[in-house]
Amino acid sequence: MEISTKDVRVTAVLGPTNTGKTYLAMERLLAHGSGMIGFPLRLLARENYDRAVAIKGARQVALITGEEKIIPSHAKYFFCTVEAMPINKPVDFLAIDEIQICADPDRGHVFTDRLLYARGMQETMFMGSESIRPLLNQLVPGIDFITRPRFSTLSFAGARKIVRLPPRSAVVGFSAADVYAIAEVIRRQRGGAAIVMGALSPRTRNAQVEMFQNGDVDYLVATDAIGMGLNMDVDHVAFAALNKFDGTFRRNLRPEELAQIAGRAGRHMSNGTFGVTGDAPEIEPEIIEQIENHRFDPIKQIQWRNARLDFRSLDHLLSSLAVRPEEAGLVKVRQPGDEKILVQLAREGEVKDRLINSDSVHLLWDVCQIPDFRRQVTGGHSRLLSHIYCALSDTGAIDSNWMAKEVTRIDQVDGGIESLVDRIANIRIWTYISHRGDWLDDPESWQARTREIEDRLSDALHERLTQRFVDQRTAVLVRKLKDKEILQSAVNGEGDVMVEGHFVGRIEGFKFVADATDSDIASRTVTAAAYRALATEVQRRAAALVNADDKALEVDGSGKITWAINEQSQIVARLAVGSDALKPKVKLMSAELLEGAVKDKVEQRLQNWLDTYIAQNLKPLMKARDCDLTGAVRGLVFQLIEGGGVLNKRQAAKQLKALEKRDYGALHHLGIKIGRREVFFPALLRPKPAGLSALLWAVNNEIKPIPELPPPGRVSVPYDASVPFDFMQAAGFRQAGDLSVRIDILERVIGMLKLRSAKGAFEVDPEILNLLGCSAEDVVGVLKSLGYEKQKPISQEEEAPVLFAYEKKSKKKSKKNQGPNKKKQHVKKKRPDTAPEDSPFAKLKELSLS
């Protein structure tokens, strides 16, 4: 691999937070005749751009990010996001901030590319964590290192409740929902909190931080976005969680990630503290020591992607993207977002037909660079990019009327926080597009328009955040309700209900769960506001459920019907006693939000689904019920249906005795088996139908609470006297000793024991234990319940092995069979006194029939 070896000074400035690394880089940059610096965040690029403008003047300083470009004709100093750096532009000084992001699975390959190939003509500087030192030393020959100690100390302060955190604290969560919940607690107890999240625009973020810096609020609630470059007067950082969802799975934060965030406490010479709060577990002592002493495991590999792409065809492009690194310490990045969208678009016929030459392939790749700030899972971003590519391929430009329609749709400042955050993310996409001057007829006007819209949305979002987490929610809602004004509401994908920018509760299925309030009047106000605001949402959900696929519905073991909506399973109804055991009724869990015909439609949809679900899973039982039967067979089937498909032979003695020869053929045709102890449907003993049978029996007999079913796959479980006998029988289990054993397994064991006992005493071998799925201790009670008893030990020696054996209990001989004329009975050969020493049962006790 060819790595840049330009004859320039390359320096790595490494150290923890609050060491002045960025300040040093700014000094070096402005001391040169020209320079460029790449930051990991747009807001950091903007913040340092403003500082440079104040020193050098606006004519000499440029700002380049994906969504914002300010490039004066005589610009000498360039402040950029790492992705947007024009690395082909020659400058005297070049720097990259937070270089350890090279190891990040999503963006690391871009930082690695800058590490390997971006150089200033006179000086290059990389700033970051000490953990990347070994790889820098390996990959950049001749690099110099400067270690910067922290200006102040950082120490662990333990755990504290949220309401007992000291002023000037920052509470860190790892999702918008967590941030909002924590801020709401602080609002009720401490008067308010500022919000910082990665989803906020720089304008909104700066306005929120200003409230904190000015003392309008003493608390800040943030995501891990606080960890990079936000310099505020924070004295204490409290973690409300120690894990996060990173886009793929939920994982614990690494020590260096915790340190990056905790390091926001204590700026310059002021010492800082960190700890945990809320439901967060304690931080391990070893990790605390690492954070306090700034010592972390070195990074062993960084993400890499081939930068020399081949645009001759789509296949060539994909092949060049799949190239693996040859240099030690580099690892090929897993498929980034631009590659994923490339593969998706290439499958579309309209796109594929236009890939006719290298220019068309290169254009498609450029379109794939449009970021998905909304992170939609509905495919909306893919459709947008497909439309843009086709337009550019056909006409060379995006249609202005179409773009105007899309942008105008976003230009609305009403709604709640989630709505505004989504619109800001949406307008950021169009801002990015507007800075592709070769795609638009009038790029400057579009840049100005999208910037104006983002500013309006950002101001509105700041206002909503302030209203929700600083102002009194109840006062706003009371006024709106009293004046009978239209309530602005929104429901996000997780079911959070927003009214006038305030969180009022959650909608679960068709049930509204109000947010906790400070008083009865606040509770009534919140509920009344939500019921008014949710009218449209409930209508939408009702229509969605009526048209939902059957696979979206499920019934659980407690008799609740759940509906999979927005990737969540929500309870919408429960089973109730119906006309018979196989025809339970559906009762909505909460009907306050549903009225009239809409409620009837929802109930009927759920009832139809339930009837179909039962028919599909209990086919043998339904078939037997619907057959035209007569006589004893009809009575037997009736009892089977009432018992959930299983019936003890004692319960059916009258019907069994009345069966005629032809009736056995009818029973066989229906899939009914007459066993040694039970009459049952073998096909219904599988976990799902057996569980459903037991559930329907419990519902029909109004058993509350419904007992837990045996785990799927288990053929025996410990016997529980509190569970009704008939419930376990419907589930396909019968008591045997201290166990409940599946009926078909018990039938097989009885047959096996009958054959073994015909020859006298017998030992319990692995076949019986494996079949029963139990231990040798448990099998004693099972066999005793089947009429077998323990035999006395043959040897009394402590060291002597004993045989675990059983023999069938004999009936007492009647006097009439003991006369002198009785024939001599055959005497079976006596079994050996001891079992072989290597027998697995040699140490077990002997059993026999008395």
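Residues numbered from 1 in each chain as written. Predicted model: local features only at pLDDT ≥ 70, side-chain atom pairs only at ≥ 80, totals over all residues. Heavy atoms only, no water.

Let's shift gears to the overall build of the chain. When its secondary structure is counted, the chain shows 29 helices and 35 strands. Burial analysis of the chain (850 residues in total) assigns 50% to the buried set. In the form shown here, the chain has an accessible surface area of approximately 41,500 Å², with 49% of it arising from carbon and sulfur atoms. (Helix = DSSP H or I, 4+ residues; strand = E, 2+ residues; numbered from the N terminus. Buried < 20%, exposed > 50% of the residue type's maximum accessible area, 1.4 Å probe, protein only. Areas by Shrake-Rupley, 256 points an atom, 1.4 Å probe, with all protein chains shown as cover.)

What follows is about the packing of aromatic side chains. Counting across every chain of the model gives seven aromatic pairs. Between Y180 and F469, the ring centres sit 5.8 Å apart and the planes meet at 20°, which makes this aromatic pair stacked. Within this pair, whereas Y180 is found in helix α5 (residues 176-190), its partner F469 is found in helix α16 (residues 443-469), the two being separated by 289 residues in sequence. Residues Y180 and F469 agree in their burial class; the two are buried. (Phe/Tyr/Trp six-rings, centres within 6.5 Å; stacked < 30°, edge-to-face > 60°.)

Burial runs high along strand β16 (residues 272-276): four of the five residues are buried. Bridge analysis of strand β9 (residues 154-159) against β16 gives four bridges, and the strand direction is parallel. For L154, the partnering residue across the bridge sits in β16 and is G272. Across four bridges, strand β13 (residues 236-239) lies against β16 in parallel orientation. What sits directly across from V237, in β16, is F274. (Pairing = 2+ DSSP bridges.)

What follows concerns the sheet that holds strand β21 (residues 502-508). One open sheet accounts for four strands, arranged β19-β20-β21-β22; its pairing is antiparallel. A strand with exactly one partner marks an edge of an open sheet, and here the two such strands are β19 (489-491) and β22 (511-514). The mean angle between the axes of side-by-side strands here comes to 30°, regardless of whether they run parallel or antiparallel. (Axes fitted to C-alpha atoms, helices over the stretch in contact; angles between N-to-C directions.)

Taken together, the side chains of D399, D441, D442 and E444 present a region of like negative charge at the surface. You can see D441 is positioned in the loop between α15 (417-434) and α16. (Patch = residues over 30% accessible without salt bridge, like charges linked within 9 Å, V, L, I, M, F, W, Y side chains within 5 Å. Salt bridge = Lys/Arg side-chain N within 4 Å of Asp/Glu carboxyl O. Lys, Arg positive; Asp, Glu negative; His and termini not counted. Charge placed at Lys NZ, Arg CZ, Asp CG, Glu CD.)

As a further point, take the packing of α5 against α16. The contact between α5 and α16 brings their axes to 9 Å, and the two run at 50°. Judged by the angle between their axes, α5 and α16 are oblique. Residues Y180, A183, E184 and R187 of α5 form the contact with α16, whose participating residues are L465, R468 and F469. Across the contact of α5 with α16, the residue classes tally to four nonpolar, no polar and three charged. (Parallel < 35°, antiparallel > 145°, perpendicular 65-115°, else oblique. Contact = heavy atoms within 4.5 Å. Nonpolar A, V, L, I, M, F, W, Y, C, P; charged D, E, K, R; others polar.)

The next subject is the sheet that holds strand β29 (residues 678-680). The three strands lie next to each other as β27-β29-β28, forming an open sheet whose pairing is antiparallel. Where the open sheet ends on each side, the last strands, each with one partner, are β27 (646-648) and β28 (673-674). Relative to β29, β27 runs antiparallel, the two being bridged by three bridges. Considered in β29, the bridge of V646 is made with F680. Running at roughly 135° to β29, helix α27 (residues 743-757) makes contact with β27 and β29 of the sheet.

Before going further, it helps to examine the pattern of salt bridges. All told, the structure shown has 43 salt bridges when counted by the stated rule. The salt bridge involving E678 is made with R734; its shortest N-O contact spans 2.9 Å. Remark: R734 occurs in strand β31 (residues 733-736) and E678 occurs in strand β29; sequence separation between them is 56 residues. Both residues of the pair, E678 and R734, count as buried.

Bringing the side chain of E123 into the picture now. Along the chain, the position of E123 falls in strand β7 (residues 123-128). For E123, a relative accessible area of 4% gives the class buried. Not counting the four nearest positions on each side in its chain, E123 is found in contact with R9, R28, H32, D92, F93 and L94.

Axis separation between helix α20 (residues 596-617) and helix α25 (residues 687-700) bottoms out at 10 Å; the angle between their running directions is 130°. Taken together, the axis directions place α20 and α25 in an arrangement best described as oblique. Here α20 and α25 pass one another in a crossing that is left-handed. Across the interface between the two elements, Y613, I614 and N617 of α20 pack against K688, P689, L692 and L696 of α25. Its residues placed into classes, the contact of α20 with α25 shows five nonpolar, one polar and one charged. (Left-handed = near helix turned anticlockwise from the far one by under 90°.)

Turning next to the nonpolar core. Core analysis: the biggest nonpolar cluster contains 72 residues, and F510, I561, W563 and L606 have the highest contact counts within it. Of the residues forming this core, the biggest block, seven residues, is contributed by α25. Core analysis: the second largest hydrophobic core is formed by 64 residues, L165, I341, Y432 and A460 among them. (Core = buried A, V, L, I, M, F, W, Y, C linked by side-chain atoms within 4.5 Å.)

A word on the environment of A533. Tracing the sequence through the fold places A533 in helix α18 (residues 520-533). Taking the C-alpha atoms as reference, A533 lies 9.7 Å from V491; in sequence the two are 42 residues apart. Beyond its immediate chain neighbours, meaning those up to four positions away, A533 contacts S489 and V499.

In this structure, K623 sits in helix α21 (residues 619-626). The exposure class of K623 is partly exposed, given its relative accessible area of 39%. Linking K623 and L670, residues 47 residues apart in sequence, is a C-alpha distance of 7.3 Å. Apart from the residues lying within four places of it in its own chain, the contact partners of K623 are H669 and L670.

This next bit is on the side chain of R541. The residue R541 is located in helix α19 (residues 535-546) in this model. Taking relative accessible area as the criterion, R541 reaches 1% and is therefore assigned buried. In terms of polar contacts, R541 uses its side chain to reach the backbone carbonyl oxygen of G509, at 3.2 Å. For R541, the side chain forms a polar contact with the side chain of Q570, separated by 3.1 Å. (Polar contact = N/O pair within 3.5 Å; in protein donor to acceptor, adjacent residues only side chain to side chain.)

Between its first and last C-alpha atoms helix α6 (residues 202-214) spans 18 Å; for 13 residues at 1.5 Å apiece the expected length is 18 Å, and the two agree. Contacts from the buried residues of α6 go to α2 (42-56), β10 (169-172), β11 (194-196), β12 (219-222), α15 and α16. Among the residues trailing α6, G215 stands out with phi positive, at a value near 90°. (Expected span 1.5 Å × (residues − 1).)

So, about a positive patch on the surface. A contiguous patch of positive charge on the surface is contributed by R574, K585, K587 and K704. As for its position among the elements, K587 is in strand β26 (residues 585-588).

Bringing the confidence of the model for the chain into the picture now. Looking at the chain, pLDDT values average 85 and 89% of them are 70 or higher. Least confident of the elements in the chain is strand β35 (residues 805-808), whose mean pLDDT is 53; most confident is strand β6 (residues 93-96), at 97. Note that pLDDT drops below 50 for residues 799-804; the model gives that stretch 30 contacts with residues more than four away or on any other chain. The low-confidence segment residues 811-850, where pLDDT is below 50, has 73 contacts with residues more than four positions distant or belonging to other chains. (pLDDT = per-residue confidence, 0-100.)

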